[in-house]
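# Overview (structure and organization)
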Amino acid sequence: MIQLNNIEKVYRTDTIETQALNNISLHVQKGEFLSIMGPSGCGKSTLLNLMGLLDVPSKGDILIDQQVTQNMADTKMARFRNSRIGFIFQSYHLINDLQVLDNVELPLLYRKSTAKERRELATEALVKVGLGNRIKHFPTQLSGGQRQRVAIARAIVGRPQIILADEPTGNLDSAMGDEIMNILLDLNKTDGTTIVMVTHDANMAERTHRLVRLFDGSQVQ
Ligand SMILES: Nc1ncnc2c1ncn2[C@@H]1O[C@H](COP(=O)(O)OP(=O)(O)OP(=O)(O)O)[C@@H](O)[C@H]1O
């Protein structure tokens, strides 16, 4: 589903070069739930951003669903990303001025769907994460765990085959973190969604199929 071949990522500024990833080769199978762990600055978010086509590698190939991605034009890449990949971030990245339902509808605005279809799909996604009774709330009126559930609804509303989650439980207490983890496990098991999750929490990683450890930009396990 996601194939990385000999990936390197170097960030360059005027004065400094940072080798963020060094010769990473990794194959995430369809339906797999993979976690990525490692100390701060080891390249976890960089790796996730590359898998999500939010950034490009300095060297190496990335194939998603067997399609080579590096030479795709920007608009094709954006469409490809929007149709296949959902993102979840540690700090939710919701728009506070929009009601919950409107936040969840956002990814559908780039697709050919009617307002009614968008509303139905967003409501369905919110019901799935247990927030069918909060659709008219604003994000600031919700708890952290509820906000993350809205973010999950937004990630799944377009029915992506892949979910990339960057420390999705990092801002939550353990009970709320468990709730979020249960939703992700259920999506993986019931819908077969392929999930890659960055986490600092060994207990969360233990509940996934496989763990990849990074250290200083290299894979150590
Ligand atoms: N846009 C950027 N420009 C320059 N250097 C960057 C950039 N983004 C990340 N880096 C550097 O690349 C390395 C890897 O960063 P990355 O954010 O991938 O680490 P991480 O493992 O996700 O860290 P954390 O657990 O603290 O979030 C770090 O040394 C970081 O300083």
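For every chain, the first residue of its written sequence is number 1, and the numbers climb from 1 along that sequence. Side-chain atom pairs in this predicted model are given and counted only at pLDDT of 80 or more, local residue features only at pLDDT of at least 70, and totals for whole chains, interfaces and linings cover all residues.

## Remarks on the overall build of the chain
Put simply, the rule reads: Strands are runs of DSSP state E lasting at least 2 residues, helices are runs of H or I lasting at least 4, and numbering of each runs from the N terminus. With the radius of gyration taken over C-alpha atoms, the globule rule is written as 2.2 Å times the number of residues to the power 0.38. Put plainly, a residue is buried at 20 or more neighbouring C-beta atoms within 10 Å of its own, exposed at 12 or fewer, and partly exposed in between, counting only other residues' C-beta atoms, which are placed from the backbone. This entry defines residue contacts through backbone-placed C-beta atoms, with two residues in contact when those atoms are within 7 Å.
Within the chain one finds 7 helices and 10 strands. Its C-alpha atoms give the chain a radius of gyration of 17 Å, near enough to 17 Å, the size a compact globule of 221 residues would have. Here the chain holds 221 residues, and 40% of them are scored as buried. Within the chain, counting contacts between residues at least 6 apart in sequence, those at least 24 apart form 70% of the total.

## A look at helix α5 (residues 144-156)
Defined as follows: Helix span, as expected, comes to 1.5 Å for every residue beyond the first.
If you check α5, its first and last C-alpha atoms are 18 Å apart, about what 13 residues at 1.5 Å a residue would give, namely 18 Å. Across the 13 residues that make up α5, a large majority, 11, are buried. Within α5, the full set of buried residues consists of Q146, R147, Q148, R149, V150, A151, I152, A153, R154, A155 and I156. Where the residues of α5 are buried, they touch β6 (85-89), α3 (100-105), α4 (115-128), β7 (162-166) and α6 (174-191).

## Some words on the pairing of strand β9 (residues 210-215)
Under the convention used in this document: The pairing criterion for strands is at least two bridges between them, as found by DSSP.
As judged from the 4 bridges shared by strand β3 (residues 33-37) and β9, these two strands associate in the parallel manner. Note that in β9 the partner of I36 across the bridge is V212. Both β9 and strand β10 (residues 218-219) contribute to a ladder of 2 bridges, which runs antiparallel. Residue pairing for β10: F215 is matched across the bridge by S218. In sequence, β9 turns back onto β10 through a hairpin of 2 residues, with D216 there showing a positive phi of about 50°.

## Regarding unusual backbone geometry
Leave glycine aside and you will find that most residues have negative phi; peptide bonds, for their part, are mostly trans. Despite not being glycine, E167 shows a phi value in the positive range, around 50°. Position of E167 among the secondary structure elements: in the loop between β7 and α6. Residue classification places E167 among the buried positions, given that 20 C-beta atoms sit within 10 Å. Even without glycine at this site, D216 takes up a positive phi of about 50°. Mapping D216 onto the fold places it in the loop between β9 and β10.

## A few points about the site of the ligand
The line we're drawing: Any residue whose C-beta atom, as set from the backbone, lies within 6 Å of a molecule or strand is reported as near that molecule or strand. Under this grouping Gly is polar, as are all residues other than the nonpolar Ala, Val, Leu, Ile, Met, Phe, Trp, Tyr, Cys and Pro and the charged Asp, Glu, Lys and Arg.
The ligand sits among Y11, T18, A20, G38, S40, G41, C42, G43, K44, S45 and T46. Looking at the shell around the ligand, the elements that each hand over two or more residues are β2 (17-28) and α1 (44-51). Per element, the largest residue contribution to the shell around the ligand is 3 residues, and it comes from α1. Of the residues contributing to the shell around the ligand, the split by class is 3 nonpolar, 7 polar and 1 charged.

## As for the UniProt feature "domain: ABC transporter" (unreviewed entry) in the chain
Worth spelling out the cut-off: UniProt positions are given in the numbering used here, feature names are shortened, and annotations may be inferred rather than shown by experiment.
On the UniProt side, "domain: ABC transporter" (unreviewed entry) is annotated at positions that read residues 2-220 here. In residues 2-220, helix accounts for 34% and strand for 27%; the two terminal C-alpha atoms are 19 Å from one another.

## Structural notes on the sheet that holds β7
The 6 strands are arranged β6-β7-β8-β3-β9-β10 in an open sheet whose pairing can be described as mixed. Of all the strands in the sheet, the pair left with one neighbour each is β6 and β10.

## Some points on the sheet that holds strand β5 (residues 67-68)
Across the sheet, 4 strands lie side by side as β2-β1-β4-β5; this open sheet has antiparallel pairing. Pairing within the sheet leaves two strands with one partner each, and these edge strands are β2 and β5.

## Examining the nonpolar core
The condition that has to hold: Each nonpolar core consists of buried Ala, Val, Leu, Ile, Met, Phe, Trp, Tyr and Cys residues. Their C-beta atoms, within 7 Å, join them into a set.
Membership of the largest hydrophobic core comes to 56 residues, with the highest contact counts inside it found for V104, A125, L126, A153, L164 and V196. With residues near it in sequence (within four places) discarded, A125 still touches V104, A153, I156 and V157.

## Points about α4
To keep it simple, the criterion reads: By construction, the arc corresponds to the directions joining the helix axis to the C-beta atoms.
Look at α4: 20 Å from first C-alpha to last across 14 residues, which is about the 20 Å you get at 1.5 Å a residue. Looking only at α4, the buried set comprises R118, L121, A122, A125 and L126. On an axial view of α4, the arc spanned by its buried residues comes to 135°, and they lie on one face. The exposed set on the far side of α4, more than 90 degrees from its buried face, consists of K116 and E120. Turning to α4, the residues buried within the fold contact α3 and α5. Just downstream of α4 lies G130, where phi reads positive at about 80°.

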